[in-house]
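Residue-level listing of the chains:
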Amino acid sequence: MNRIILLGLVAILLIGKTVFANEGMWLPILLEKYTMEQMRQQGFKLTAEDLYSINQACLKDAVVGLVHLENPHHHFCTGEIVSTQGLLLTNHHCGYGAIQNHSTLENDYLTYGFWAMEKSEELPNEGLGVSFLKRMEDVTPQVLSQITGNTDEQTRDSLIDVHIAGIELAASENGTYLAKVKPFFAGNEYYLSVYKIYRDVRLVGAPPSAIGKFGGDTDNWMWPRHTGDFSMFRIYADKNNEPAGYSEENVPFTPAKVFDIAIDGVQKGDFTMVMGYPGTTTEYLPSMAVTMQKETINPGRIKIRTQSLNTLKTAMEKDPLVRIQYASKAAGIANSWKKWIGENKGLTRLDAVAKKQELEEGFMEWVNQSESRKKEYGLLLTEYAELYKFLAPYSLTHNYFFETIFESDVIDLAGKCTLLKQINKGTAPEKTGELKNNLMESVNVFFKDYHLKTDQKLFEDYISFFYYDIDKNFHPEILRLIDTDFKGDVNAFTQWIYSQSMIPYPDKLGPFISDYTPAKQKKLEKDPLVVLFSQSLQVYRTLINPIVTETQSKISKLHRLYMKGLREYQSNKIFYPDANSTFRVSFGQVDDYKPMDAVTYRYYTTLTGIMEKDNPGIYDYKVPEHLKRLYCNKDFGRYANPDGSMPVCFTASNHTTGGNSGSPVLNSRGQLIGINFDRNWEGTMSDLMYDPDMCRNIALDVRYILFIIDKYAGAGYLLDEMNLIKSKPSRELPVQIAQ
Ligand code: ARG
Ligand code: ASP
């Protein structure tokens, strides 16, 4: 009997429920080997070659990672090509930075949306790029060559570094490609990814925030959802279709592959697949790590962010300018804050720690059955326990540094100003000029989105948390003043800092920078915010970071061993590697879920729900008049459901995480049916433990996108570039989920 069927049967016997647990983010080059059979059983109609091939154009060629060009290895979101002229779809929240950059009070594209009516109106975005995966390759043997069980860690690390450097250099073909080798399965395997990066990506369109961010942070991570979270870009290339920086000479990029768009809608049980760049998951951690995250790290971070969000909310409600200035910051803080809260709830509900402990007990039993295994793995869990116990307070302090002191905008600016110290007597005037100009530029950008009172209150929040929660041995010395000079009053300390420092005041800081000479170094170094920055950095660099790094590297070694052991122990199970910002395929089904007793959430939402949420008094729920008109007139064109309702979002059981935003959600024929943009609140613990009953990805129905472009924005000419398909694929029922 086939291994997968056998596994399925075992799963039914064990838990009596789902035949298909859709957990997993699979490597495209291993699909045939591991998952294709299961995908076909669930209704998938194509072949592994149709998804990933190095010999022919395939679906992966229509998927891009979105990158900031200064760090092209990190895909912050995913996007997909929908026209032969390089038109790209992604999320509104992925294009947010670009849309915000082009927005001014006169042309407020964030609020009112933006549509280029012809190509010449498309807006270039400096620093934004897209990466196409050319190929992936298992390079484990090359990376681990010369390494044996006896090689010590240091030698092992340096051999690996050397081997990786050689592989990347060869694969980059003199800089034509970006080549990156990354560890998988905690360093038991290594894969090379080769990318081609296009550097001229222009904004084509975005709906108003009242559609693209509808429901704001309140609805974020939640179902039922009604956010029209999409934006459009176009990739440009030189006349040979090769990457080039922005130039008027550039022409629309001609892609190797384009997604067809299916507009016949989705139904429960339909096969779905998500392709893209999930960022980070840690599914194979031992119980002690989950405990540390759940009991120590998350509560600290949640507490700090709850307070700063309150501060920001109060300030933003009072002043519309502050709302604009701090919108992006607040959204960023709120996003992870909310995720961590959901994650902790989910871990508790799943009893994740106990489940991990159970696994560990079974593992140890298996280990103890053999002398050689005892020798290899016998001490693993004891060592884990010791290391995590030791690490917890350092890790908490590390997190506090980044959630408080280094999160403060003025402290960060103070840090930037210390660059002035590079100017000394011997510095050439041009170098001095360049450094000052660059610094002045960041200072100007900084003060555009700066509100003194809000910043000062945030500073006070941050310092309080650090002062009260963190061991005094790790305090930067200047915090002692709180006791010695301010009787423990953090507010008084804060006022003193803001009265003594020049950093928060553009009229003081600007002239100081432009007139800076080495003679002013003393003044710079005495500024209390500069002192706070430098001392904090010093403490962090000497007392925290080295210990965290060293302990983490010991833990990494254990992870490698544990991963190897787990795969031997559960030799029937097919393991998928944790997400690491490399290309992955997840598959599942369009599906509803039961969030709590007596409640079932339907798998799709409609425009009716938007009208129900309409509340002109609340910023995030103000429905645009034009959308209301379209709703009243039922002017949905060819995008409506058969029952006449207008679809907005749907849920499915694809395993996704941060970075998968903007990913194409595809049907059994590889046609685009939606764009992924979020997960449900009850499923956010999937980064640590996946629950097939509860974990759902949230996608924007592609028909809502088309409706907004066509009927709302009147930019229907863009649809002419796309290939809309209305032939319903024959609905051979996928094997049903046995309940
Ligand atoms: N939760 C989604 C993700 O992690 C969307 C975040 C953007 N939306 C927001 N309201 N902050 O990226
Ligand atoms: N919203 C996330 C993103 O931006 C997706 C997720 O975490 O599910 O990538």
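Look a little higher up for the structure.
Parameters at a glance
Residues numbered from 1 in each chain as written. Chains lettered and ligands numbered in written order. Predicted model: local features only at pLDDT ≥ 70, side-chain atom pairs only at ≥ 80, totals over all residues. Heavy atoms only, no water. Helix = DSSP H or I, 4+ residues; strand = E, 2+ residues; numbered from the N terminus. Rg over C-alpha atoms; globule rule 2.2 N^0.38 Å. Buried < 20%, exposed > 50% of the residue type's maximum accessible area, 1.4 Å probe, protein only. Contact = heavy atoms within 4.5 Å. Lys, Arg positive; Asp, Glu negative; His and termini not counted. Charge placed at Lys NZ, Arg CZ, Asp CG, Glu CD. Near = heavy atom within 4 Å. Polar contact = N/O pair within 3.5 Å; in protein donor to acceptor, adjacent residues only side chain to side chain. Areas by Shrake-Rupley, 256 points an atom, 1.4 Å probe, with all protein chains shown as cover. Nonpolar A, V, L, I, M, F, W, Y, C, P; charged D, E, K, R; others polar. Phe/Tyr/Trp six-rings, centres within 6.5 Å; stacked < 30°, edge-to-face > 60°. Lys NZ or Arg CZ within 6 Å of the ring centre and 35° of its normal. Disulfide = S-S within 2.5 Å. Expected span 1.5 Å × (residues − 1). Axes fitted to C-alpha atoms, helices over the stretch in contact; angles between N-to-C directions. Parallel < 35°, antiparallel > 145°, perpendicular 65-115°, else oblique.

When you go through the chain residue by residue, the secondary structure sums to 26 helices and 22 strands. Over its C-alpha trace the chain gives a radius of gyration of 27 Å, about what one expects of a compact globule, namely 27 Å for 739 residues. Each of the 739 residues in the chain was classed as buried or not, and the buried ones make up 57%. Restricting the contact set of the chain to residue pairs at least 6 apart, pairs at least 24 apart contribute 77%. Of note, the chain has its 79 positive side-chain charges centred 1 Å away from the centre of its 91 negative side-chain charges.

With respect to the helices and strands, the residue Pro-208 is situated in the loop between strand 9 (200-206) and helix 9 (209-212). Pro-208 gets classed as buried once you look at its relative accessible area, which sits at 5%. The spatial distance from the C-alpha of Pro-208 to the C-alpha of Ser-231 is 10.0 Å, given a sequence separation of 23 residues. Sequence-distant contacts of Pro-208, defined by excluding residues within four places in its chain, comprise Leu-110, Thr-111, Tyr-112, Gly-113 and Tyr-712.

This next bit is on the site of ligand 2. Looking at ligand 2, the residues that line it are His-93, Trp-221, Thr-657, Gly-658, Gly-659, Asn-660, Ser-661, Phe-677, Asp-678 and Arg-679. A distance of 3.1 Å separates an oxygen atom of ligand 2 from a polar backbone atom of Gly-658. The contact in question runs from an oxygen atom of ligand 2 to an N or O atom on the backbone of Gly-659, over 2.6 Å. Isolated, ligand 2 exposes 270 Å² of accessible area, and the fraction of that covered by the protein chains is 90%. Looking at which element gives the most residues to the shell around ligand 2, the answer is strand 20 (residues 672-679), with 3 residues. Among the residues forming the shell around ligand 2, the class breakdown is 2 nonpolar, 6 polar and 2 charged.

In this section: the site of ligand 1. In the neighbourhood of ligand 1, the contacting residues comprise His-93, Gly-216, Asp-217, Asn-220, Trp-221, Ala-331, Asn-335, Ser-661, Phe-677 and Asp-678. One of the side-chain nitrogen or oxygen atoms of Asp-217 is found 2.9 Å away from a nitrogen atom of ligand 1. Within the side chain of Asn-335, a nitrogen or oxygen atom sits 2.9 Å from a nitrogen atom of ligand 1. Where the shell around ligand 1 is concerned, the elements lending two or more residues are helix 10 (216-219), helix 12 (320-350) and strand 20.

What follows covers the packing of aromatic side chains. Counted by the stated rule, this structure contains 43 aromatic pairs. For the ring pair Phe-402 and Phe-406, a centre distance of 5.3 Å and an interplane angle of 55° mean the geometry is tilted. For Phe-406, a relative accessible area of 17% translates into the label buried. Pairwise contacts between aromatic rings join Phe-363, Trp-366, Tyr-377, Tyr-384, Tyr-388, Tyr-562 and Tyr-569 into one cluster. Just above the ring of Tyr-236 sits the side chain of Arg-202; from NZ or CZ to the centre is 3.6 Å.

The next point concerns the state of the cysteines. Applying the stated rule across the entire model yields 1 disulfide. Here Cys-77 pairs with Cys-94 through a disulfide, and the sulfurs are 2.1 Å apart. Negative torsions about the S-S bond denote left-handed disulfides, and the value of about -75° found for Cys-77 with Cys-94 makes this one left-handed. Of this pair, Cys-77 sits in strand 2 (residues 75-81) while Cys-94 sits in helix 5 (residues 92-102); the two residues are 17 residues apart in sequence, bridging distant segments of the chain. In this structure Cys-94 comes out as buried when scored by relative accessible area, which is 9%.

Here the amide bond leading from Trp-223 into Pro-224 is cis, since omega sits at 0°, within 30 degrees of zero. Here Pro-224 lies in the loop between helix 10 and strand 10 (231-237). The phi dihedral of Phe-185 is positive, around 50°, even though this residue is not glycine. Mapped onto the elements of the fold, Phe-185 is located in the loop between strand 7 (178-184) and strand 8 (189-198).

Turning our attention to helix 18 (residues 452-469). An α-helical turn contains 3.6 residues, so a residue and the one three or four places further along point in the same direction. Counted at 1.5 Å a residue, the expected span for helix 18 with its 18 residues is 26 Å, and the 26 Å between its end C-alpha atoms agrees. Burial of helix 18 is extensive: 13 of the 18 residues sit out of reach of the surface.

Let us look at the packing of helix 17 (residues 429-448) against helix 21 (residues 506-514). The N-to-C vectors of helix 17 and helix 21 enclose an angle of 170°; their axes lie 10 Å apart at closest approach. Overall, the two elements helix 17 and helix 21 adopt an arrangement that is roughly antiparallel. On the side of helix 17, the interface is formed by Lys-436, Leu-439, Met-440, Val-443 and Phe-447, while helix 21 contributes Pro-506, Leu-509, Gly-510, Ile-513 and Ser-514. For the contact of helix 17 with helix 21, a count of residues per class yields 7 nonpolar, 2 polar and 1 charged.

With respect to the secondary-structure elements, Ile-81 resides in strand 2. What makes Ile-81 buried here is its relative accessible area of 0%. Taking the C-alpha atoms as reference points, Ile-81 and Pro-286, 205 residues apart in sequence, are found 40 Å from one another. When near neighbours in sequence (up to four residues on either side) are disregarded, Ile-81 contacts Ala-62, Val-64, Gly-86, Leu-87, Leu-88, Phe-132, Ile-235, Pro-255, Lys-257, Val-258 and Phe-259.

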